[in-house]
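Report on the structure
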Amino acid sequence: MCRNIKTLFNFEPPATELEIRDASLQFVRKLSGFNVPSKVNEAAFERAVEQVAATARDLIANLVTTAEPKNREVEAQRARERSAHRFPVAR
């Protein structure tokens, strides 16, 4: 799947509208194969992004967990550490 789509559920602070829309845009880009749609496909593309975003908002709002919310900074640091391990800097 698309590596740019990040987990949005169970974070503190919660996912923003921009994060949800960005993930939805990436998903529609992946499905359609278009990074930027042509003028003739633009309306369908934008409608799909809005529908995916609405579904994502609904999903996130209705999911239930007993786990503690994840801290964004801690998760970002873990991702940086994984990346550094996977792609060491040659010196």
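Fair warning: this is a prediction, and the values are worked out from it, not measured in the lab. Residue numbers restart at each chain and count upward from 1, following the sequence in its written direction. Residues qualify for local features only when their pLDDT is at least 70, as the model is predicted, and side-chain atom pairs are given and counted only at 80 or more; totals for whole chains, interfaces and linings, by contrast, use all residues. For the side-chain quantities, the full set of heavy atoms in the structure was used; hydrogens and water were omitted.

**Structural notes on the layout of surface pockets**
- Each cavity reported here is a set of points on a 1 Å grid over the protein atoms alone in which a 1.4 Å probe fits but cannot get out, each pocket an open set with protein on both sides within 12 Å along at least five of seven lines, and each lining residue one with an atom within 4 Å of a point. Grid points are joined across faces, edges and corners, and a volume is the space filled by probe spheres set on the points. Of the volumes computed, that of the second largest pocket is approximately 250 Å³.
- Taken together, 15 residues make up the lining of the second largest pocket; nearest its centre are Ile-5, Lys-6, Leu-8, Ala-23 and Ala-56.
- Each helix is a run of H or I in the DSSP string that is no shorter than four residues. Each strand is a run of E no shorter than two, and both are numbered from the N terminus. Counting residues per element, the ones that place at least two in the lining of the second largest pocket are α1 (17-32) and α2 (39-62).
- The leading source of residues in the lining of the second largest pocket is α2, at five residues.

**A word on unusual backbone geometry**
- Following Glu-12, the chain continues into Pro-13 via a peptide bond in cis, with omega recorded as 0 degrees.
- With respect to the helices and strands, the residue Pro-13 is situated in the loop between β1 (11-12) and α1.
- Located in the positive-phi region is Asn-10, a residue other than glycine, with phi close to 65 degrees.
- Examined against the element boundaries, Asn-10 turns out to sit in the segment before β1.
- When accessible area is computed with a 1.4 Å probe and restricted to protein chains, residues below 20% of their type maximum are described as buried, those above 50% as exposed, and intermediate ones as partly exposed. Given the relative accessible area of 15%, Asn-10 is considered buried.

**Regarding the pattern of salt bridges**
- Any carboxyl oxygen of Asp or Glu that lies within 4 Å of a side-chain nitrogen of Lys or Arg is treated as forming a salt bridge with it. Summed over all chains, the structure comprises six salt bridges.
- With its nearest N and O atoms 3.5 Å apart, the salt bridge here joins Glu-50 to Arg-21. Taken together, the residues span a long stretch of sequence, with Glu-50 in helix α2 and Arg-21 in helix α1 at a distance of 29 residues.
- For Glu-50, a relative accessible area of 38% gives the class partly exposed.
- For Arg-21, a relative accessible area of 26% corresponds to the partly exposed category.

**A closer look at the nonpolar core**
- With six residues, the main nonpolar core is built from Leu-8, Ala-15, Ile-20, Ala-23, Ala-53 and Ala-56.
- Listing elements by their share of this core, those giving two or more residues are α1 and α2.
- Residues are treated as being in contact if the distance between any of their heavy atoms lies within 4.5 Å. In contact with Leu-8, other than residues within four places in its own chain, are Ala-15, Glu-19, Ile-20, Ala-23 and Ile-60. Residues enter a nonpolar core if they are buried and are Ala, Val, Leu, Ile, Met, Phe, Trp, Tyr or Cys, with the set joined through side-chain atoms within 4.5 Å.

**As for α2**
- Here, expected helix span is obtained from the residue count minus one, scaled by 1.5 Å. For α2, with 24 residues, the first-to-last C-alpha span of 35 Å sits near the 34 Å given by 1.5 Å per residue.
- Residues of α2 that are buried include every one of Phe-45, Val-49, Ala-53 and Ala-56, and no others.
- Residues of α2 that are buried make contact with α1.

Remember, this is a structural readout, not a statement about activity or role.
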